[in-house]
Amino acid sequence: MSWLNRFAWLTAVATLLLICSGGMVTSKGVGLAVPDWPTTFGYNMFFFPFSKWIGGIFFEHTHRLIASTVGLLTIILAVWLWLVDPRRWVRMLGVAAVAAVILQGVLGGLRVTMLKDEIGIFHACLAQAFFGLIVVIALVTSQSWRAVAAVAGRGKSLRVLALTTTAFIYLQLALGATMRHQHRDLAITDFPTAYGQWIPDTSPAAISKINAARDTTAMSDVSAAQIWLQMAHRFGAVLVAIGVIWFFLSAQRDKISPLRGLSTAWLIGIVVQLALGAWTIWSNKAADVATAHVAVGATMLGLGVVICAFCLRQNETLPAFSYRLKSDPAIA
């Protein structure tokens, strides 16, 4: 493993940590604990007194510092790629990563200054896409990427399944971000049923009855749209689980070890993720549980991106991505 590849994986891990930090900020509802941006209560962000890192300020300010670190790592990674990697498309991935991290920072700031939840949703979705991009960069600078290049496998038959499942995972993350950024109580408080039914009754009379019951426990009122948004997230989880299990069973018949191992990790991930999803509801959206749910979701997306890349690589569907096999100590 080259130092460039190690640094790329370090950037990916830092990005995952940033996503976890953002999930904690949203879960605790402290996104506006620091009301100004890019300063922190008028201070330069990097010189904000540690003694003032208390309560919600700690989570929001820490998130900003981690974001700044990820931004710096991304710039270094892009420059490093540009200097040593002979593949133009990989260098352009580095440039795209820098553009994405800058946009992400701007969106984070606008979320604070404009007080728009819609910006927060897009901010969360872009964070997941950016993580996937960094994972791709880490993968294609690895020895494993070159080792699989000349191997013929069943990736062509698995490609559509991998791409579809990964797309559903990203959609699930987007639905989850939409629910979190409503900053409200759980729309459905029981699991696996929904208000005692497998398919909830969302007629006006039923919603009135549900809200009357929620009022007795000081919970915010809920609308039919919010209930169906959470139901869509549940249905999506079922589709993702089917896709992951199907891919696992198919990949076990493949002779390519990366896909077998990755499909096993994907399967373990979906089991953990489903358990965390249920626990999030049973715990009434406890911040640490909800954040773990976000973190595993991002990891599932990262695994999906790697799996898709290997499926495409094995079938030579990315001829422009061929690696320069000539020995190069800078990227070996």
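Each chain has its residues counted from 1, following the order in which its sequence is written. Selection of residues for local features in this predicted model requires a pLDDT of at least 70, selection of side-chain atom pairs for listing and counting requires 80 or more, and totals for whole chains, interfaces and linings are taken over all residues. Side-chain metrics in this entry use all non-hydrogen atoms of the structure; hydrogen atoms and water are not considered.

1. Quick word on the overall build of the protein
Working step 1: Strands are runs of DSSP state E lasting at least two residues, helices are runs of H or I lasting at least four, and both sets are numbered from the N terminus onward. Of regular secondary structure, the protein possesses 10 helices and zero strands.
Working step 2: The N-to-C order of helical and strand elements in the protein reads α-α-α-α-α-α-α-α-α-α.
Working step 3: Its C-alpha atoms put the protein at 70 × 55 × 25 Å along the principal axes.
Working step 4: Type-normalised accessible area, obtained with a 1.4 Å probe on protein chains alone, sets the label of each residue: buried when under 20%, exposed when over 50%, and partly exposed for intermediate values. Out of the 332 residues in the protein, the part that is buried amounts to 50%.

2. Quick word on the pattern of salt bridges
Between side chains of opposite charge, a pair can form when the charged atoms approach closely.
Working step 1: By convention in these notes, a salt bridge is any Lys or Arg side-chain nitrogen within 4 Å of a carboxyl oxygen on Asp or Glu. Tallied over the entire structure, the rule returns two salt bridges.
Working step 2: Of the charged contacts, one joins Glu60 and Arg64 as a salt bridge, the two residues approaching to 3.1 Å between their closest N and O atoms. Here Arg64 and Glu60 lie together in helix α2 (residues 55-84), a separation of four residues that amounts to about one turn. Each of the two residues, Glu60 as well as Arg64, counts as buried.
Working step 3: Ionic pairing is found between Arg87 and Asp85, a salt bridge with its closest N-O pair at 2.7 Å. The same class applies to Arg87 as to Asp85, namely buried.

3. With respect to unusual backbone geometry
Working step 1: The step from Trp37 to Pro38 runs through a cis peptide bond, and the omega angle for that step is 5 degrees.
Working step 2: Tracing the backbone through its elements, the reader meets Pro38 in the loop between α1 (3-28) and α2.
Working step 3: With an omega of 10 degrees, the peptide bond between Phe191 and Pro192 qualifies as cis.
Working step 4: Relative to the helices and strands, Pro192 is located in the loop between α6 (155-180) and α7 (204-215).
Working step 5: With phi around 55 degrees, Phe41 is a residue other than glycine that occupies positive phi space.
Working step 6: Along the chain, the position of Phe41 falls in the loop between α1 and α2.

4. Re the nonpolar core
Working step 1: Note on terminology: a nonpolar core comprises buried Ala, Val, Leu, Ile, Met, Phe, Trp, Tyr and Cys residues joined through side-chain atoms within 4.5 Å. Counting 57 residues, the largest nonpolar core has Leu77, Ile137, Phe247, Trp266 and Ile307 as the members making the most contacts within it.
Working step 2: Those elements that provide at least two residues to this core are α1, α2, α3 (88-114), α4 (117-140), α6, α8 (224-251), α9 (257-282) and α10 (287-314).
Working step 3: With 13 residues, the single largest contributor to this core is α10.
Working step 4: Residues Ala187, Ile207, Ile210 and Met231 belong to the second largest nonpolar core, which totals eight residues.

5. As for the packing of aromatic side chains
Working step 1: Each Phe, Tyr or Trp ring, with Trp reduced to its six-membered ring, pairs with another whose centre is within 6.5 Å; inter-plane angles below 30 degrees give stacked pairs, above 60 give edge-to-face pairs, and intermediate values give tilted ones. Following the criterion strictly, the structure yields nine aromatic pairs and no others.
Working step 2: When the ring of Tyr43 is compared with that of Phe48, the centres are 5.5 Å apart and the planes differ by 75 degrees; the resulting orientation is edge-to-face.
Working step 3: On the basis of relative accessibility, which here comes to 6%, the residue Phe48 falls in the buried class.
Working step 4: On the basis of an interplanar angle of 55 degrees and a centroid distance of 6.5 Å, the ring pair of Trp53 and Phe58 is categorised as tilted.
Working step 5: The exposure class of Trp53 is partly exposed, given its relative accessible area of 21%.
Working step 6: Ring pairing ties together the aromatic residues Phe50, Trp53, Phe58 and Phe59, which thus form one cluster.
Working step 7: Each ring is checked for a lysine NZ or an arginine CZ that lies within 6 Å of its centre and within 35 degrees of its normal; such an atom marks a charge sitting over the ring. Here Arg6 stacks its cationic end above the ring of Trp3, 4.5 Å away from the centre of that ring.
Working step 8: Taking the ring centre of Trp82 as reference, the NZ or CZ of Arg91 above it sits at 5.0 Å.

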